[in-house]
Amino acid sequence: MNSPPGPWRRSLARLRSSFRGHQPTNPTGATEMDRRMMRRALELAAQAEAIGEVPVGAVVYETASGRVMGEGFNTRERDADPAAHAELRAVRAAAATTGDWRLNACTLVVTLEPCPMCAGLLVNARLGRVVYGADDPKAGACRSLYNLVSDPRLNHRCEVVAGVDAEPCAAILRNFFRSRRSARRPPRGERNA
Ligand SMILES: [Zn+2]
């Protein structure tokens, strides 16, 4: 595999350093449906990983019925699209399914705390609930760095449930960055050659 260019390598270093710490567990407010959807989001994250993308997955479901309205995983590298985050793709798919940009009746479930771009989208889409797994201390905009989704100055606030399956959500990211590191390292015997 070719070595990634400089900026990508730097952002990898920033990201992977974020998931070494302990992640919160036993969140309050998570429903059985939230947990079931998080397992699906983790499957979607694995699909991202399989094509070499940072593994983040997201599902939007109708809160009352549990019907899946949209799914997505990160395809930023494949699509050369800085906006192709898992949440953004899942929310767009859900709006297409419902035929309405307003998603008050829906819950977004995502493996990683949404960034400022995605948190802004969730406010604009009037998402009813946001459920996420691992905290992102370097870019999180639901409580870690900012709290855009519950800011009373904005015209919509989402109910937030943090830390659902936080450990497996962080682990898939840790493992991804670890395997990228070892892929870049020359095999034993060729080192110091
Ligand atoms: Zn994002």
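In what follows, the structure referred to is the one given above.
Residues numbered from 1 in each chain as written. Predicted model: local features only at pLDDT ≥ 70, side-chain atom pairs only at ≥ 80, totals over all residues.

Participant: Just checking my understanding: could you explain the overall build of the protein for this structure?
Facilitator: Scanning the protein for helices and strands turns up six helices and five strands. Each helix (α) and strand (β) of the protein, taken in turn from the N terminus, gives the series α-α-β-β-α-α-β-α-β-β-α. Split into buried and exposed, the 193 residues of the protein put 40% on the buried side. Within the protein, residue pairs in contact and separated by at least 24 positions form 62% of the contacts whose partners lie at least 6 positions apart. (Helix = DSSP H or I, 4+ residues; strand = E, 2+ residues; numbered from the N terminus. Buried ≥ 20, exposed ≤ 12 C-beta atoms within 10 Å, placed from the backbone. Contact = placed C-beta atoms within 7 Å.)

Participant: How should I be thinking about unusual backbone geometry in this particular structure?
Facilitator: Both trends apply: most residues other than glycine have a negative phi, and most peptide bonds are in trans. The backbone of A80 sits at a positive phi, close to 45 degrees, despite the residue not being glycine. Residue position: A80 is located in the loop between α3 (76-79) and α4 (86-98). Using a count of 8 C-beta atoms within 10 Å as the deciding quantity, one classes A80 as exposed. We note that R126 has phi near 60 degrees; this positive angle belongs to a residue other than glycine.

Participant: Sorry if this is basic, but what is going on with the nonpolar core here?
Facilitator: With 53 residues, the main nonpolar core has A41, V60, L108, L122 and V130 as its most contacted residues. Among the elements that make up this core, the one with the highest residue count is helix α2 (residues 32-50) (seven residues). If sequence neighbours within four positions are ignored, L122 has contacts with L108, P114, L127, V130, V149 and C158. (Core = buried A, V, L, I, M, F, W, Y, C linked by C-beta atoms within 7 Å.)

Participant: So what exactly am I meant to see when it comes to the packing of α2 against helix α6 (residues 166-184) here?
Facilitator: In helix packing, the relevant descriptors are the interaxial angle and the interaxial distance, both defined with respect to the helix axes. In contact at an axis separation of 11 Å, α2 and α6 are set at 5 degrees when each is read in the N-to-C sense. Judged on the interaxial angle alone, α6 and α2 are roughly parallel. For the pair α2 and α6, the contacting residues are L42, A45, A46 and E49 in the first and P168, C169, I172 and F176 in the second. (Axes fitted to C-alpha atoms, helices over the stretch in contact; angles between N-to-C directions. Parallel < 35°, antiparallel > 145°, perpendicular 65-115°, else oblique.)

Participant: Explain helix α5 (residues 116-124) to me, please; I cannot follow it from the model alone.
Facilitator: One full turn of an α-helix is made of 3.6 residues, so residues set three or four places apart face in the same direction. Buried residues of α5: C118, A119, L121 and L122, and no others. Along the axis of α5, the buried residues cluster in a sector spanning 155 degrees; they form a single face. Close packing links the buried residues of α5 with α4, β3 (106-112) and β4 (129-134). Looking one or two residues past α5, R126 carries a phi angle of roughly 60 degrees, positive in sign. (Arc of directions from axis to C-beta.)

Participant: For this particular structure, what's the right way to read the pairing of strand β2 (residues 68-73)?
Facilitator: A regular strand places its side chains on the two faces of the sheet in alternate fashion. Burial analysis of β2 places five of its six residues in the buried class, which makes it a mostly covered element. Judged from the five bridges that link them, strand β1 (residues 57-62) and β2 form a sheet pairing that is antiparallel. By the bridge assignment for β2, G57 is matched with F73. Counting the residues between successive antiparallel strands, the hairpin from β1 to β2 contains five residues, one of them, G66, with a positive phi of roughly 80 degrees. (Pairing = 2+ DSSP bridges.)

Participant: Mind showing me how you'd approach α4 here?
Facilitator: Compared with the 18 Å implied by 1.5 Å per residue over 13 residues, the 18 Å span of α4 between its first and last C-alpha is a close match. Of the positions making up α4, those classed as buried are A86, E87, L88, R89, A90, V91 and A94. Residues of α4 that are buried in the fold lie against α2, β1, β2, β3 and α5. Among the residues trailing α4, G99 stands out with phi positive, at a value near 70 degrees. (Expected span 1.5 Å × (residues − 1).)

Participant: Please clarify how the environment of G29 should be interpreted in this entry.
Facilitator: Tracing the backbone through its elements, the reader meets G29 in the loop between α1 (6-16) and α2. According to the C-beta neighbour criterion, G29 is exposed, with 12 such atoms within 10 Å. As a C-alpha pair, G29 and V131 span 102 residues in sequence and 9.3 Å in three-dimensional space.

None of the figures reported here should be taken as evidence of function without further support.
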